[in-house]
Amino acid sequence: MKANIGLIGLAVMGQNLVLNMSDHGYKVAVYNRTAAKTDEFLTGPAQATQIIATYSLQELVKSLESPRIVMLMVKAGEVVDHYIEQLSPLLQAGDVIIDGGNSLFTDTNRRTEALRKKNLRYIGAGVSGGEEGARHGPSIMPGGNPDAWPLVKPILQAISAKVDYEPCCQWVGDAGAGHYVKMIHNGIEYGDMQIICEAYQLMSEGLGLSSDQMQAIFAQWNQGKLSSYLIEITANILSYKDEDGSPLLDKILDTAGQKGTGKWTGINALELGIPLTLIGESVFARCLSALKEERVTAAKLLPKSVKKFTGDQKSMIDAIEDALYASKIISYAQGFRLMREAAKEYNWTLNYGDIALLWRGGCIIRSGFLNNIKQAYSANPALENLLLAEFFVKAMQQASIGWRRTVILGVEMSIPTPSFSSALAYYDGYRCARLPANLLQAQRDYFGAHTYERTDKPRGEFFHTDWTGHGGKTASTTYNI
Ligand code: NBP
């Protein structure tokens, strides 16, 4: 009997997805560049399964039923192009290639189009959930050639996470839309992680709480409005003890790694001109953490005045919970606003409520909060910004005072809160009917004749002033990026 699907790439994600498919009754053929890993897999975790090992792409393709479905679970970038190039001549019209890695959406746009010309159907599917998700049900965000969706839908939905019996896997949109939504998911993941880290530093350094005390606080927060996978694992991490009985967390070097999806999200936001400050700060916070030696030198040369917290500890902890919640709302509001702009720019039809549902289970940012987002978009699919939805208007009002107190605590105690405070600045900016950009426009016109619009004239009419009395009357070309 031939295999239903072939999978290339037997690292952590590939192996676990294959086992997941096998559990759901699919026969899978596998291939990996390094053959020894295929053997280890077959004699190890895949023992006693129907999984077929293959040792060349020809053998892999031959082992598949028609139309063939081949899924790539390899390092993003050139490796994906390499496999597409090698596979294409071996496949027949109508066959499907799925790229389940973290590919850049513009690469997926290009690949979808190139393969369409060869009558091959391409899917770029974001997969989230890490090892555990891949094994027991990830969130899957497929996009690409819609003709391929009916063929791959049964298997991808079967292996995905389920919430309220709904699969966390629905068609996202054309070309690179699936990988785009996965990129935003990862950006939001960066943001969620950073705000949790800021809460942790404020509580440990600012309030002097022990790991066990913080564990209890995170565990309690996980029962309320912040309930989420990342809050839950933070509580678990805080309680984890090293061999000597001390918290392992205290011994972990404070330099964060990154693989680039947060950076891509930030770059895209800059390209589309949409503020994505919280995620941007989260990426930069990782970059700053990586400058360990420089920071150690600076800590000696630029010492902080150490202050002791003297206020009410319980009320400050509640305020930090508010800061986490409000900042999280800002992060999602910014991320969804960016997706809205991307849909316009790249001509995709994105369903924002469905995207929130896709992230409810299996993935790293899963949380109860996503139901509130779904409800906001169900009530108004054309919602411009989540901050304008009734639920979030109220939530922001309730969290606002505690959030400000938290930022003040950070400022007073010299504890950095880049995401909490930049989110607050965005919130205050977004609800400013008048920003100081009048002065900015005047400055631009003063030094570069860039012109300005007037409040007492219709929009679209541009004026230039000879501010010094010795400038010319010629204005610069008016264009916006
Ligand atoms: P990796 O991203 O570490 O990729 C490992 C796979 O790529 C192995 O099969 C390896 O083959 C193959 N590979 C490499 Br590396 N260079 C190759 C080359 N030049 N030619 C052929 N094959 C090559 O594995 P992963 O962490 O399982 O992730 C797979 C994909 O899923 C990535 O795109 C990743 O970003 C994405 N993703 C990962 C996670 C996660 O939590 N790890 C979560 C969600 C998505 P070899 O065995 O011969 O070296």
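Residues numbered from 1 in each chain as written. Predicted model: local features only at pLDDT ≥ 70, side-chain atom pairs only at ≥ 80, totals over all residues. Heavy atoms only, no water.

1. Quick word on the overall build of the protein chain
- Looking only at helices and strands, the protein chain features 19 helices and 10 strands.
- In terms of overall dimensions, the protein chain is globule-like: its C-alpha atoms have a radius of gyration of 25 Å, near the 23 Å expected for 481 residues.
- Contacts spanning at least 24 positions in sequence make up 68% of the contacts within the protein chain whose residues lie at least 6 apart.
- Carbon together with sulfur atoms contributes 54% to the accessible area of the protein chain, which is approximately 23500 Å² in total.
- In the protein chain, the 47 positive side-chain charges and the 49 negative ones have mean positions that sit 2 Å from each other. (Helix = DSSP H or I, 4+ residues; strand = E, 2+ residues; numbered from the N terminus. Rg over C-alpha atoms; globule rule 2.2 N^0.38 Å. Contact = heavy atoms within 4.5 Å. Areas by Shrake-Rupley, 256 points an atom, 1.4 Å probe, with all protein chains shown as cover. Lys, Arg positive; Asp, Glu negative; His and termini not counted. Charge placed at Lys NZ, Arg CZ, Asp CG, Glu CD.)

2. Things to note about the environment of Ser422
- With respect to the element layout, Ser422 can be found in helix H18 (residues 418–430).
- Accessibility expressed as a relative area gives 12% for Ser422, which makes it buried.
- Considered as a pair, Ser422 and Val407 are 15 residues apart in the sequence and their alpha carbons are 9.7 Å apart.
- Excluding its chain neighbours within four sequence positions, the residues that come into contact with Ser422 are Thr277, Leu278, Glu281 and Thr417.
- At a separation of 3.4 Å, a polar atom in the side chain of Ser422 contacts the main-chain carbonyl oxygen of Ser419. (Buried < 20%, exposed > 50% of the residue type's maximum accessible area, 1.4 Å probe, protein only. Polar contact = N/O pair within 3.5 Å; in protein donor to acceptor, adjacent residues only side chain to side chain.)

3. Structural notes on the domain arrangement of the protein chain
- Partitioning the protein chain into structural domains gives domain 1 (5–175), domain 2 (182–430) and domain 3 (435–481).
- Taking only C-alpha atoms, the centre of domain 1 and the centre of domain 3 are 54 Å apart. (Domains from an automatic or database assignment.)

4. Considerations on the pattern of salt bridges
- Under the counting rule described, the total for this entry stands at 25 salt bridges.
- Here Asp23 makes a salt bridge to Arg135, at a shortest N to O gap of 2.8 Å. One end of the pair, Asp23, is in helix H1 (residues 12–23); the other, Arg135, is in helix H6 (residues 130–136), with 112 residues separating them in the sequence.
- Ionic pairing is found between Arg404 and Asp428, a salt bridge with its closest N-O pair at 2.6 Å. Linking Arg404 in helix H17 (residues 390–412) with Asp428 in helix H18, this pair joins segments that are 24 residues apart in sequence.
- When salt bridges with common partners are traced through the structure, they connect Asp81, Asp99, Asp107, Arg110 and Arg111 into a single cluster. (Salt bridge = Lys/Arg side-chain N within 4 Å of Asp/Glu carboxyl O.)

5. Concerning the site of the ligand
- Around the ligand there are 19 residues in total, and Met13, Asn32, Arg33, Thr34 and Lys37 lie nearest to it.
- Contacts to the ligand include Arg33, whose side-chain N or O atom sits 3.0 Å from an oxygen atom.
- Expressed as a share of its isolated accessible area of 890 Å², the protein-covered part of the ligand is 77%.
- Broken down by secondary-structure element, the contributors of at least two residues to the shell around the ligand are H1 and helix H4 (78–87).
- In the shell around the ligand, the residues fall into 10 nonpolar, 6 polar and 3 charged. (Near = heavy atom within 4 Å. Nonpolar A, V, L, I, M, F, W, Y, C, P; charged D, E, K, R; others polar.)

6. Description of the sheet that holds strand E3 (residues 52–53)
- With mixed pairing, the 8 strands of this open sheet are ordered in space as E3-E2-E1-E4-E5-E6-E7-E10. Lying at the two open borders of the sheet, with one neighbouring strand each, are E3 and strand E10 (173–174).
- Looking at chain direction, strand E5 (residues 96–99) and strand E6 (residues 121–128) are connected through 4 bridges and run parallel. Among the inter-strand pairings, Val96 is bridged to a residue of E6, identified as Arg121. (Pairing = 2+ DSSP bridges.)

7. Some words on the packing of helix H8 (residues 177–206) against helix H10 (residues 229–239)
- It is the contact of H8 with H10, at a shortest axis distance of 11 Å, that shows an interaxial angle of 45°. Accordingly, the angle class assigned to the pair H8 and H10 is oblique. The chirality of how H8 crosses H10 is right-handed. Contacts between H8 and H10 involve Glu189, Asp192, Met193, Ile196 and Tyr200 from the first element and Leu230, Ile231, Thr234 and Leu238 from the second.
- Considered class by class, the residues forming the contact of H8 with H10 number 6 nonpolar, 1 polar and 2 charged. (Axes fitted to C-alpha atoms, helices over the stretch in contact; angles between N-to-C directions. Parallel < 35°, antiparallel > 145°, perpendicular 65-115°, else oblique. Left-handed = near helix turned anticlockwise from the far one by under 90°.)

8. Digging into the packing of aromatic side chains
- Throughout the structure, instances matching the rule amount to 21 aromatic pairs.
- An angle of 50° between the planes, with centres 5.0 Å apart, marks the rings of Tyr346 and Trp348 as tilted.
- By relative accessible area, Tyr346 is classed as partly exposed at 23%.
- A residue is classified by how much of its surface remains accessible, and Trp348, at 8% relative accessible area, is buried.
- Joined through ring pairs, the aromatic side chains of Tyr325, Tyr332, Phe369, Phe391 and Phe392 make up one cluster.
- Directly above the aromatic system of Tyr229 lies the positively charged group of Arg366, at a separation of 4.1 Å from the ring centroid.
- Directly above the aromatic system of Phe463 lies the positively charged group of Arg454, at a separation of 5.9 Å from the ring centroid. (Phe/Tyr/Trp six-rings, centres within 6.5 Å; stacked < 30°, edge-to-face > 60°. Lys NZ or Arg CZ within 6 Å of the ring centre and 35° of its normal.)

9. A closer look at the nonpolar core
- Core analysis: the largest hydrophobic core is formed by 83 residues, its most contacted members being Trp221, Phe336, Trp359 and Trp403.
- A total of 17 residues in this core trace back to one element, the largest contributor, which is helix H14 (residues 313–346).
- Here this core spans two domains, since at least three of its residues come from each of domain 1 (5–175) and domain 2 (182–430).
- Apart from residues no more than four positions distant in its own chain, Trp221 is found in contact with Ala199, Met203, Leu226, Ser227, Ile231, Ile317, Ile320, Glu321 and Leu324.
- Listed in part, the 30 residues of the second largest apolar core include Leu7, Met21, Val28 and Val152. (Core = buried A, V, L, I, M, F, W, Y, C linked by side-chain atoms within 4.5 Å.)

10. As for the side chain of Arg68
- Inspection of the secondary structure puts Arg68 in the loop between helix H3 (57–62) and strand E4 (69–72).
- By relative accessible area, which is 12% here, Arg68 ends up buried.
- There is a polar contact of 3.5 Å between the side chain of Arg68 and the backbone oxygen of Val61.
- The contact partners of Arg68, leaving out residues within four places of it in the chain, are Val61, Leu91, Gln92, Asp95 and Val96.

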